[in-house]
Structure formats: C-alpha cells, structure tokens
Amino acid sequence: CRPSRAESLRFFQSSIDPLLPISMELKSEHRKLAVALGIVLDRSGSMAVTTAFFCLFGMFFLITQYLQFVKGYPPLHAGIRVVPSALCLLIVSPQSPRLVGRFGVRNVVTTGFVLVSLGLALMSTYRADTPYIEVALGLVLMASGLAMVMPPSSQLIVGSLPLHKAGVGSAVND
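Residues numbered from 1 in each chain as written. Predicted model: local features only at pLDDT ≥ 70, side-chain atom pairs only at ≥ 80, totals over all residues. Heavy atoms only, no water.

1. Description of the overall build of the protein chain
1) Next: When helices and strands are tallied, the protein chain shows ten helices and zero strands.
2) Next: When the elements of the protein chain are put in sequence order from the N terminus, they spell out α-α-α-α-α-α-α-α-α-α.
3) Next: Taking all 174 residues of the protein chain together, 28% fall into the buried category.
4) Next: Put simply, of all contacts in the protein chain between residues at least 6 apart along the chain, 74% involve residues at least 24 apart.
5) Next: Put simply, the protein chain shows about 11,200 Å² of open surface, and 68% of that area lies on carbon and sulfur atoms. (Helix = DSSP H or I, 4+ residues; strand = E, 2+ residues; numbered from the N terminus. Buried < 20%, exposed > 50% of the residue type's maximum accessible area, 1.4 Å probe, protein only. Contact = heavy atoms within 4.5 Å. Areas by Shrake-Rupley, 256 points an atom, 1.4 Å probe, with all protein chains shown as cover.)

2. Section: the packing of helix 8 (residues 105-123) against helix 9 (residues 132-159)
1) Next: Across the interface, helix 8 lies against helix 9 with an axial gap of 7 Å and an inter-helix angle of 150°. The pairing of helix 8 with helix 9 is recorded here as roughly antiparallel in orientation. Here helix 8 and helix 9 pass one another in a crossing that is left-handed.
2) Next: Within the contact of helix 8 with helix 9, the residues separate by chemical class into 19 nonpolar, seven polar and one charged. (Axes fitted to C-alpha atoms, helices over the stretch in contact; angles between N-to-C directions. Parallel < 35°, antiparallel > 145°, perpendicular 65-115°, else oblique. Left-handed = near helix turned anticlockwise from the far one by under 90°. Nonpolar A, V, L, I, M, F, W, Y, C, P; charged D, E, K, R; others polar.)

3. A few points about a nonpolar patch on the surface
1) Next: A contiguous nonpolar surface patch, about 610 Å² in accessible area, is contributed by Leu-76, Ile-80, Val-83, Leu-87, Leu-90 and Ile-91.
2) Next: Where the nonpolar patch is concerned, the elements lending two or more residues are helix 5 (75-80) and helix 6 (83-92).
3) Next: Residue contributions to the nonpolar patch peak at four residues, all from helix 6.
4) Next: On the accessibility criterion, Val-83 (39% relative accessible area) is partly exposed. (Patch = residues over 30% accessible without salt bridge, like charges linked within 9 Å, V, L, I, M, F, W, Y side chains within 5 Å. Salt bridge = Lys/Arg side-chain N within 4 Å of Asp/Glu carboxyl O.)

4. Some points on the packing of aromatic side chains
1) Next: Scanning the model with the defined rule gives two aromatic pairs in all.
2) Next: Ring centres of Phe-53 and Phe-57 lie 5.6 Å apart, and the angle between their planes is 15°; on these two criteria the pair is classed as stacked. You can see Phe-53 and its partner Phe-57 sitting in helix 4 (residues 43-70), four residues apart, about one turn around the helix.
3) Next: For Phe-53, a relative accessible area of 30% corresponds to the partly exposed category.
4) Next: With a centroid separation of 5.5 Å and 35° between ring planes, the pair formed by Tyr-66 and Tyr-126 is classed as tilted. Of this pair, Tyr-66 sits in helix 4 while Tyr-126 sits in the loop between helix 8 and helix 9; the two residues are 60 residues apart in sequence, bridging distant segments of the chain.
5) Next: We classify Tyr-126 as buried; its relative accessible area is 11%.
6) Next: Above the plane of the ring of Tyr-73 lies Arg-81, whose end atom (NZ or CZ) is 3.8 Å from the centre.
7) Next: Lying across the ring of Tyr-132, Arg-81 places its NZ or CZ 5.8 Å from the centre. (Phe/Tyr/Trp six-rings, centres within 6.5 Å; stacked < 30°, edge-to-face > 60°. Lys NZ or Arg CZ within 6 Å of the ring centre and 35° of its normal.)

5. Some details on the nonpolar core
1) Next: Met-59, Ile-63, Leu-67, Tyr-126, Val-135, Met-142 and Leu-146 are the most contacted members of the largest nonpolar core, which has 22 residues in total.
2) Next: The set of elements that each furnish at least two residues to this core consists of helix 4, helix 8 and helix 9.
3) Next: What Met-142 contacts, discounting residues up to four positions off in sequence, is Cys-55, Leu-56, Met-59, Leu-115, Val-116, Gly-119, Leu-120 and Met-123.
4) Next: Listed in part, the five residues of the second largest apolar core include Val-92, Leu-115, Ala-147 and Met-148. (Core = buried A, V, L, I, M, F, W, Y, C linked by side-chain atoms within 4.5 Å.)

As structure tokens, this is what we get:
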C-alpha cells in the first residue's frame, strides 16, 4: 500500500507548482527586490540550508502523522516523542563552529548530510510495529546531522557578502 516513486514525485511536484506563479509575480512586481537578491551569494550555502530545511520540515510533518495515525498516539504524546530531535538540535548545533574549526566546513557539512541521510533511510523502514527506540534513533540521527549542516551553511551565506549587506544575506538565509 506504499506509494510508488512516480506517485511520490507527482505529489511533490503538485505541492510545489502552486507556488511558482507567486514567485514569478513577486519578481515581476518588485524590481528592486530582484536586484537585491541578485547579489552573488555562496550558492553551496544557500542550497545546503534549503535542503536542510526541506528535510527538517518534511520530517516533522511526516513523523507527526506517523506517530498519530500509524502508532496511535494522541497529539500531545506524539509531540513529546519528537523532543529528542529538539534536544539534539540544542546540543549539537552550538558545537558545530568548533567542529568546523577542527575539520573544515566541507567535512562538517558532508558528515551532517550523511547523518541526515542515515536518519531518513532508517525512517523509511518504519512500520506500525517499529519500537519507539528505533523511531528516536532516526530522529536523533537526522537532528544531529541538521545541527551540523545549518550553522556553517548559514555562515557561508552571510560571510559571502560585504559587512554592509549582511542583513540581505541573513534574510536570504531565512
């Protein structure tokens, strides 16, 4: 009863398609905005942050539904069971700059995405009878990876601009 890959891609495309006209409308009406966004930013940082946020919000959306509709937890209990991911973000994220100083941005971000991939791979195996400890492990892997990806990627975006344009970089990052 799992959707095929083609069905999943069609669903993703159908959820993104309505946003494209809005984006085009904003660009056509606000020429100054388009010029401001045309500033040369570090593209790898922008893509890393975008990918990380898609993974994060997709995971929160799907894990909540899994915990409620498949595992049968009420909303409050499902929310409590997602807390390990928040704790990992709080603990690992402040360590990220130290890791970058020791191993370099590329290695830290790559390791972070590997952890995210491992977490997503583990989450793709969940069934109705999957024990919560395995669910928590997937959450911890993914959150730890995201906590390693987001701070250095954000720094790449903001750091690629002159100091007087740092606010533009920060806005693009958000």
